[in-house]
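Tertiary structure, described
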Amino acid sequence: MLGRRDVLKGAVAATALATPALAQSHKKIAFLTWNIIDQENLIRGWIKSFEAANPGVEIEWLDKKGPELPPFYQTQLAAGTPPDVINTQGGLWLEYAANGALLDLTPHMSEVQGRFNKDYLANWTYDGRNWMVPFYITKTLLFYNKPMFRKAGLDGPPNSFEALVAGAEKMAGADTTGFLTLNFDWLYWPLFAENDVHLLTPDLKKTAFNTPRTAEVVERLAKATENGGVNQISWTGRWVEPNGAFAAGNVGMLHAHSPAYFFFKGQGSWVNGDTLGVAQAPGYWATPNSHGLGVSKGSKNPELAWAFIKHVTDNQNAMRLAENRRILTGNTEVDQKLLARLKTEDPLVHAILLTQVEHTDKLVGNWRTPLDSRIKDAFWPELQSALLGRKPAKQALADADRRVSRELARV
Amino acid sequence: MVDAAAPSLVRAERGEAGTPPAWINRRGTRRVALVVCFLLPSLATFALYRVVPLFWNVVLSFQAWSPMKPARFVGWDNYEDLLFYDDVFWRALTNTLLWIAAAPVAIVLALGIALLVDSDLRGAGVYRTIVFLSYPLMTVAVAIIWRWMYDERGGLINWALRSAGFIEKPIAFLGNFDWALPCVLITDVWQVIGFYMIVLLTGLQAIPPHLYEAARVDGVPAYARFLRITLPLLRPSLFLCAVIGLLNSFTSFDLVYIMTNGGPGHATELLITYIYKLGFGQTRFDAAATATVVQFALLLVLTWLANHGAGGNAGAVERD
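The notes below deal with the structure included here. (Residues numbered from 1 in each chain as written. Chains lettered and ligands numbered in written order. Predicted model: local features only at pLDDT ≥ 70, side-chain atom pairs only at ≥ 80, totals over all residues. Heavy atoms only, no water.)

With respect to the pairing of strand S3 (residues 85-89) of chain A
All names here are of chain A.
- Buried residues dominate S3, accounting for five of its five residues.
- In S3, alternate side chains face the same way, and those of Val-85, Asn-87 and Gln-89 on one face and Ile-86 and Thr-88 on the other are all buried.
- Sheet topology places strand S1 (residues 27-34) next to S3; two bridges connect them, and they run parallel. The partner of Phe-31 across the bridge, within S3, is Val-85.
- Relative to strand S11 (residues 291-295), S3 runs antiparallel, the two sharing five bridges. Bridging across to S11, Ile-86 finds its partner in Gly-294. (Buried < 20%, exposed > 50% of the residue type's maximum accessible area, 1.4 Å probe, protein only. Helix = DSSP H or I, 4+ residues; strand = E, 2+ residues; numbered from the N terminus. Pairing = 2+ DSSP bridges.)

Notes on the pattern of salt bridges
- Per the stated rule, a full pass over the model turns up 27 salt bridges over all chains.
- Ionic pairing is found between Asp-185 of chain A and Lys-376 of chain A, a salt bridge with its closest N-O pair at 3.2 Å. Here Lys-376 of chain A lies in helix H17 (residues 372-387) and Asp-185 of chain A lies in the loop between strand S8 (177-181) and helix H8 (189-193), a separation of 191 residues in the sequence. Here the two residues Asp-185 of chain A and Lys-376 of chain A agree in accessibility, since each one is buried.
- When salt bridges with common partners are traced through the structure, they connect Glu-382, Lys-391, Asp-399, Arg-402 and Arg-403 of chain A together with Asp-87 of chain B into a single cluster. (Salt bridge = Lys/Arg side-chain N within 4 Å of Asp/Glu carboxyl O.)

Remarks on the nonpolar core
All names here are of chain A.
- Trp-189, Phe-192 and Phe-379 are the most contacted members of the largest nonpolar core, which has 49 residues in total.
- When residues of this core are assigned to their parent elements, the largest contribution, seven residues, is made by H17.
- If we skip the residues at most four places from it in the chain, Phe-192 touches Val-197, Thr-214, Val-217, Val-218, Leu-221 and Leu-383.
- Core analysis: the second largest hydrophobic core is formed by 33 residues, Leu-180, Phe-184, Met-319 and Leu-338 among them. (Core = buried A, V, L, I, M, F, W, Y, C linked by side-chain atoms within 4.5 Å. Contact = heavy atoms within 4.5 Å.)

Section: the environment of Thr-214 of chain A
Residue and element names in this part refer to chain A.
- By the secondary structure assignment, Thr-214 is in helix H9 (residues 212-226).
- Taking the C-alpha atoms as reference points, Thr-214 and Lys-394, separated by 180 residues in sequence, lie 8.7 Å from one another.
- Sequence-distant contacts of Thr-214, defined by excluding residues within four places in its chain, comprise Phe-192, Val-197, Phe-209 and Leu-397.
- Engagement of the side chain of Thr-214 in a polar contact is seen with the backbone oxygen of Phe-209, the distance being 2.6 Å. (Polar contact = N/O pair within 3.5 Å; in protein donor to acceptor, adjacent residues only side chain to side chain.)

So, the packing of aromatic side chains
- Applying the stated criterion across every chain, the model contains 40 aromatic pairs over all chains.
- Centre to centre, the rings of Trp-239 of chain A and Phe-263 of chain A are 5.9 Å apart; their planes meet at 70°, and the pair counts as edge-to-face. Placement of Trp-239 of chain A in the loop between helix H10 (233-236) and helix H11 (240-247) and of Phe-263 of chain A in helix H12 (residues 259-267) is noted, with a sequence separation of 24 residues between them.
- Taking relative accessible area as the criterion, Trp-239 of chain A reaches 25% and is therefore assigned partly exposed.
- Here Tyr-135 of chain B and Phe-195 of chain B contribute two aromatic rings whose centre-to-centre distance is 4.7 Å and whose plane-to-plane angle is 25°, an arrangement assigned as stacked. With Tyr-135 of chain B in the loop between helix H6 (124-132) and helix H7 (139-149) and Phe-195 of chain B in helix H9 (residues 180-205), the pair connects residues that are 60 residues apart, well separated along the chain.
- By relative accessible area, which is 33% here, Tyr-135 of chain B ends up partly exposed.
- Judged by relative accessible area, which is 19%, Phe-195 of chain B ranks as buried. (Phe/Tyr/Trp six-rings, centres within 6.5 Å; stacked < 30°, edge-to-face > 60°.)

Points about the interface of chain A and chain B
- Between chain A and chain B, the contact holds 34 residues from the first and 29 residues from the second.
- Here chain A meets chain B over a buried area of about 2,600 Å², counting both sides, of which 48% is carbon and sulfur.
- The largest per-residue losses of area from chain A upon contact with chain B belong to Gln-74, Arg-390 and Arg-406 of chain A, which jointly make up 21% of the total buried on that side.
- The interface formed by chain A and chain B includes six salt bridges.
- One salt bridge in this structure joins Arg-284 of chain B and Glu-407 of chain A, with 3.9 Å as the shortest N-O distance.
- The tally of links from chain A across to chain B stands at nine residue pairs in polar contact (both at pLDDT 80 or more).
- Here the residues of the side of chain A that touches chain B sort into 13 nonpolar, ten polar and eleven charged. (Buried area = accessible area lost by both parts, 1.4 Å probe. Nonpolar A, V, L, I, M, F, W, Y, C, P; charged D, E, K, R; others polar.)

A few points about the packing of helix H14 (residues 315-325) of chain A against helix H15 (residues 332-345) of chain A
Residue and element names in this part refer to chain A.
- In the contact formed by H14 and H15, the axes pass within 9 Å of each other and the chain directions differ by 40°. Viewed along their axes, H14 and H15 adopt a mutual orientation that is oblique. Here H14 and H15 pass one another in a crossing that is right-handed. Touching Asn-315, Ala-318, Met-319, Ala-322 and Glu-323 of H14 are Glu-333, Val-334, Lys-337, Leu-338 and Arg-341, all from H15.
- Considered class by class, the residues forming the contact of H14 with H15 number five nonpolar, one polar and four charged. (Axes fitted to C-alpha atoms, helices over the stretch in contact; angles between N-to-C directions. Parallel < 35°, antiparallel > 145°, perpendicular 65-115°, else oblique. Left-handed = near helix turned anticlockwise from the far one by under 90°.)

Quick notes on the environment of Thr-33 of chain A
Residue and element names in this part refer to chain A.
- Tracing the sequence through the fold places Thr-33 in strand S1.
- As for Thr-33 and Leu-62, which are separated by 29 residues in sequence, their C-alpha atoms are 6.3 Å apart.
- Aside from chain neighbours lying at most four places away, what touches Thr-33 is Trp-61, Leu-62, Asp-63, Lys-64, Leu-69 and Asn-87.
- Within polar-contact distance, the side chain of Thr-33 engages the side chain of Trp-61 at 2.8 Å.

Have a look at this one:
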C-alpha cells in the first residue's frame, strides 16, 4: 500500500516531468481592445477557440475606454511591454506606424487576400505598406428627421452644402435647430470637402486650407450657427451631447457615423423607419472612423499575434461580431450576408449600414500623416473659435495656419 | 586625583582601534539614527514618487523624446518653443493664475460662513454640515453633477433662468467662450468652500475668548475686534487655506477634464490639463516635461510669496 510519503514523491516527480514541457510550449499574448467590453462573451469565445486550436497558448484580454487606451499603450511602449495585438480607432495608428511601434503586415496580406473591403483596407496604409486590418468599419452619413423636413417644406435630403445650410436654417426655431454634426476625429470634414477645401497639400508637407473659399465656408457655418440653423453643440459637444440632442427630436439633421444610430435610437422614442431618413452627405463625402487590428512591433510572438488577428477576422468570428453589434466588419463576405439578412429583418438598419459600403472611394479626413493628432489639436480650436463667432474666419484661419505649419515643421 | 577612565575616553574620542568612536555611543546620535529609521520608508517613497520623477522631468525637458523614439539632447529648444511660440501654454498659464485668484474669493466666502456658524446662530451645526458636505464628494461626481446642471437642454440652471424669464433661449454655459471658465470656477469654489470653512472655524474656535472680552470691556467696536484680534490670530489658518487653494489650482485636473476637457477652444485649459494633452494626446512627452518644470518653478515662487506674505514662518513648529 502506498504511504503518504510515496504519494508526495510521486506528485513531485510528475510535476518535475511535466514542467519542462509546459515551459517549452507556453506562450502568452496580450490583446488590447478599444471600449468593447459589451462584447465580453464574444471575445472570450474567440480567445477560447484560439487557445483550443493552439495548445499552450494563453491570451490575456485588456479593454480600455477611448481616452484611456492611448496613454496605456504609450506607457506600455515606454516600458517595452506593448500588448501584442492592438485595436485602435480613427487615425491614432498612424503615429504608431510611422514611429515603428507597429509591425508591417504587408508580407502577411496574401494570407487574407480578398477577405477585406479594399477601400477600407487602404485606410490603414502608410508609406505604401499595410499596418492594420479592419476590425469593424464606419463612416459618416446624414440622418434626418422626416417630420421636421415635412414641416419645413423640404422634399428630401440636401444634395449640396448650400442646400444643407439653407434647409437647416428653414428648420430653425425657438426650440428647434436644423443641423448637427459630430466634430471629433475630423468627422465634420465632409462639409469642407464638398466645398473643395483641402487641409494640406498633396505631399502633406504644407497647409492648403487658408484660402478665401475656406473663409467663406466657415463664415457661412458661423452665420448659420448664430441664427440657429446649425446647432451650437456641433462645435462644442463630442458624442453624448450631439446624439442626445438629435434624440430629443428637435434637430433636423445629424451628420454622424453609423454607431450614432444605436445611441440616439436608445434615447429617442420618435425614431423609426417612418420618421428617420438616411442619406449620404452632399457630394457623397464621408470621413471613416473605423477600428483596426494591428500587431505591436515589440511583440515577442508576432506570428501568433497575426494568427490571432486572422482568427478574429475570419468569416465565422467576424459574422458573430457583425450580428451581435449590427455593424459592418470590413470582411466583404460577412458584410454582404449581414446586409442581405437585414434587408428584410430591419430595413432601417439595413439602409444605414448600406451607406457604409457605398461611395467608399470618397473617404476624406483620413490624411496619412503621423502628425494627425497634433494637426487636429492645432487646427480645431481655431476653427471652433470662428464657428462660434469668437474670431473672424480669416483671422482664425490665419492663426490655424501658423499653428499647423509649426507642427508640420517639427518633422 | 587621577581619573582612571580618562585614557580610554581619549582613545574613544580619537576612534583608536578596538574602541568605537564616542559619537556612536552618544545618546543623541542613537536617537537620530532611530528617527531616521522611522522616517526612511516615507523618505524613500517620497524620493521614489516625487524627487526622482521631478529630476527625470528636468532631464527630459532638455531632450526630444517619445516612447517610440530614443532620447536626443536638444538644449533649451523645448523651453524656447513653449515660452515663445506656444500660445496655448500662455492661455493655460493665464487660466491657472485666474484659478489661483479665485482662491481668495472662496476663502473670504468661507470666512463669512465660518463667522456665521461660529456665532450663536440657531441651527449653526446644521448649516456647518450642509456647507461641508460638498467637500467629501468625489471631484468626478461633482464635475458630472455640475455639467448636467449647466447643460443647455435639460440643465437645472437653464430651466430656472428660463422659468424666471431672465433668458429666452438656453445658454450653452460650458460651450461658451465667455461663460465656461467662470462656470467651472464656481463649481470649484462650491466644492472647496466647505473645507476652507472647517479650517477657518477651527482657527476661530482656537482664539482665546478672553481677548474678545477684554476688547469689549475696553469698548472696542466689532469691526476693530475682527481686524485686530480675529484676522491676526487666524493667520495660520488663512495661510493653510491659501496654500491649499494654490495647490488646488495646479491640480484641478479632474474637474476641468470632466466638465470641459479644456474647451471650448482652450478657454478652460489649465497648465495641468495642457500637460496631459501634450503628453498623452500629442505624444510630446518632452514638451509636457518642460511645461511641468515651468509649472513647478511657478509653484515654488508662489508658495514662497504666500509664506512671505504670511510673515515668513508659516508652517514652523511652535515650541513652548
